[in-house]
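# Geometric and topological summary
Read off the chains here:
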Amino acid sequence: MSKAYTTEEQVAVAAVRRASRLTASVFNKLVKNETLTKGDKSPVTVGDFAAQAVISTILKHAFPDDPIVGEEDASDLRAESGKEMKDRIVALANEALTEELGLGDNENWGIGPGQEKTDAEILDAIDRGNYEGGSSGRMWTIDPIDGTKGFLRGEQYAVCVSLIADAQVKVGVIGCPNLPIDPAHPEQGTGVIFKAVRGQGAQQLTLSGANPTPLQIPPCTPATLAFLESVEAAHSKLSFNERVAELLGITRPPVRMDSQAKYGCLVRGEGGAYLRMPTGVGYREKIWDHAPGQILVEEAGGIVTDSRGEPLNFGLGRTLGENYGVIAAGKDVHHLVLGAVQKALAEETRAKV
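Note that the structure is a prediction, hence the values are computed from the model and not measured. (Residues numbered from 1 in each chain as written. Predicted model: local features only at pLDDT ≥ 70, side-chain atom pairs only at ≥ 80, totals over all residues. Heavy atoms only, no water.)

Helix and strand counts for the protein chain stand at 10 helices and 12 strands. Relative to a compact globule of 353 residues, whose C-alpha radius of gyration would be 20 Å, the protein chain shows 20 Å and is just as compact. Oriented by its inertia axes, the alpha-carbon framework of the protein chain measures out at about 60 × 55 × 45 Å. Residue burial in the protein chain is summarised as follows: out of 353 residues, 54% are buried. Long-range contacts, defined as pairs at least 24 residues apart, comprise 72% of the intrachain contacts of the protein chain with a sequence gap of at least 6. Summing over all exposed atoms, the protein chain offers an accessible surface of approximately 14900 Å²; the carbon and sulfur share of this is 51%. Taking the 36 positively charged and 47 negatively charged side chains of the protein chain as two groups, their mean positions are separated by 4 Å. (Helix = DSSP H or I, 4+ residues; strand = E, 2+ residues; numbered from the N terminus. Rg over C-alpha atoms; globule rule 2.2 N^0.38 Å. Buried < 20%, exposed > 50% of the residue type's maximum accessible area, 1.4 Å probe, protein only. Contact = heavy atoms within 4.5 Å. Areas by Shrake-Rupley, 256 points an atom, 1.4 Å probe, with all protein chains shown as cover. Lys, Arg positive; Asp, Glu negative; His and termini not counted. Charge placed at Lys NZ, Arg CZ, Asp CG, Glu CD.)

As a further point, take the UniProt feature "binding site: Mg(2+)" (unreviewed entry) in the protein chain. Those places that UniProt annotates as "binding site: Mg(2+)" (unreviewed entry) correspond, in this numbering, to Glu71, Asp143, Ile145, Asp146 and Asp289. A maximum C-alpha distance of 10.3 Å places the annotated residues, which cover 219 residues in sequence, within one compact spot. With respect to the secondary-structure elements, Glu71 resides in the loop between β1 (68-69) and α3 (75-78). When sequence neighbours within four positions are dropped, the list of residues in contact with Glu71 reads Gln52, Ile142, Asp143, Pro144 and Trp288. The residue Asp146 is located in strand β2 (residues 138-146) in this model. If sequence neighbours within four positions are ignored, Asp146 has contacts with Tyr157, Ala158, Cys160, Ser259, Gln260 and Asp289. (UniProt positions renumbered as here; feature names shortened; annotations may be inferred.)

Before going further, it helps to examine the packing of aromatic side chains. A complete count under the given rule lists 4 aromatic pairs for this structure. For the pair Tyr263 and Tyr274, a centre-to-centre distance of 4.7 Å together with 90° between the ring planes defines the contact as edge-to-face. Of the two residues, Tyr263 sits in helix α8 (residues 261-267) while Tyr274 sits in strand β10 (residues 272-276), which places them 11 residues apart along the sequence. Tyr274 carries the same exposure label as Tyr263, and that label is buried. Positioned over the ring face of Phe63 is Arg138, at 5.3 Å from the centre of the ring. Just above the ring of Tyr324 sits the side chain of Arg308; from NZ or CZ to the centre is 3.8 Å. (Phe/Tyr/Trp six-rings, centres within 6.5 Å; stacked < 30°, edge-to-face > 60°. Lys NZ or Arg CZ within 6 Å of the ring centre and 35° of its normal.)

Turning our attention to the pattern of salt bridges. Inspection of the entire model under this criterion finds 21 salt bridges. A salt bridge links Arg198 to Glu298; the nearest nitrogen and oxygen atoms lie 2.8 Å apart. Of this pair, Arg198 sits in the loop between β5 (190-197) and β6 (202-206) while Glu298 is found in helix α9 (residues 291-299), placing the two residues 100 residues apart along the sequence. A salt bridge links Arg308 to Asp306, with the shortest nitrogen-to-oxygen separation between them at 2.7 Å. Under the relative-accessibility criterion, Arg308 is labelled partly exposed at 45%. (Salt bridge = Lys/Arg side-chain N within 4 Å of Asp/Glu carboxyl O.)

Sheet architecture is open: 7 strands sit in the order β1-β2-β3-β4-β5-β6-β7, paired in mixed fashion. Two strands lie at the open edges of the sheet, namely β1 and β7 (213-215), each paired on one side alone. Relative to β2, β1 is paired through 2 bridges, and the arrangement is parallel. Paired with Ile68 across the bridge in β2 is Trp140. Across the sheet, helix α2 (residues 42-62) lies against β1, β2 and β3 (158-165), angled at about 150° from β2, the strand it touches most. Strand contacts of α9: β2, β3, β4 (168-180), β5, β6 and β7, with the helix running at about 95° to β4, the strand carrying the most contacts. (Pairing = 2+ DSSP bridges. Axes fitted to C-alpha atoms, helices over the stretch in contact; angles between N-to-C directions.)

Further remarks concern the environment of Gly293. With respect to the helices, strands and loops of the structure, Gly293 is situated in helix α9. The exposure class assigned to Gly293 is buried, which follows from its relative accessible area of 0%. Sequence-wise, Gly293 and Ile174 are 119 residues apart; in three dimensions their C-alpha atoms are separated by 7.7 Å. Residues contacting Gly293, with those up to four places away along its chain left out, are Ile174, Gln260 and Tyr263.

We now examine α2. For α2, spanning 21 residues, the distance from its first C-alpha to its last is 30 Å, which sits close to the expected 30 Å at 1.5 Å a residue. For α2, a buried count of 17 out of 21 residues is recorded, marking the element as mostly surrounded by other parts of the structure. (Expected span 1.5 Å × (residues − 1).)

Right under this line is the structure:
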């Protein structure tokens, strides 16, 4: 009997693989070789749009009836002022789409030599990401470049795709072009894909899709724990994390990196817990920022909740609703981290009175 979501998993891996190579190419061609003025994110914009176009094109061919929740829309590219950027994006997307078929690829997914798309098809593919989400039915999420500042620095970023059905994440794939294949052996090079299917475990692959390795979060204690957290202070309350670490007796320094690469590192045993607490009122986490990571951690034997101990809700639309933070950890330490978070929150509340 065939496993559930086999085709969805294969399609998501193929899409993430091509988009990961595209974004790495954008970095090498544009970021390294162009002089950027402060605040200029044009290479990120080009990479974001082109990667979303590639992923969306593949999903459309494989699952034409499935809606997509994506980060970008192409309205600016349709204006005359956006022509130069549009031409660049179309060229990059077609370059990725027409690469030779690789491991597990299928030409019926709109990929391979001779599969060039028109400008209109590329723009329409980007705009397919405008679905508003909801609690019923199937939908895909795309985060074409998660961790834009990490991308620009040549550090960690991720290309992320997930399938959600009736508000439950069923498939999650995360491509990390700059993450070491084996952190203990950096000479093996960089570039990995993490994948997970509900009820079928989690695996790490190379960027080519080879060498599938099962992933299981190793046992951990506060003595061996280090928090995985964002580089950007604007993304997570790092001073709060310090207090939680103090309450737990954690002595190891935090491991800081951008993007959902943190979820991948967690399931490989680098760190022990991922903590992302809100920095202020009003910010809402996007579902594409956590759906692939959530299923990856859970299928590797971990737990993902908010600070109330409640599971993340992917059925509320394009966001997770009111922000209670994200706590991801192995089963043996999650309850300890959650308890320390709740104690630190109670201290903050008392201090305000």
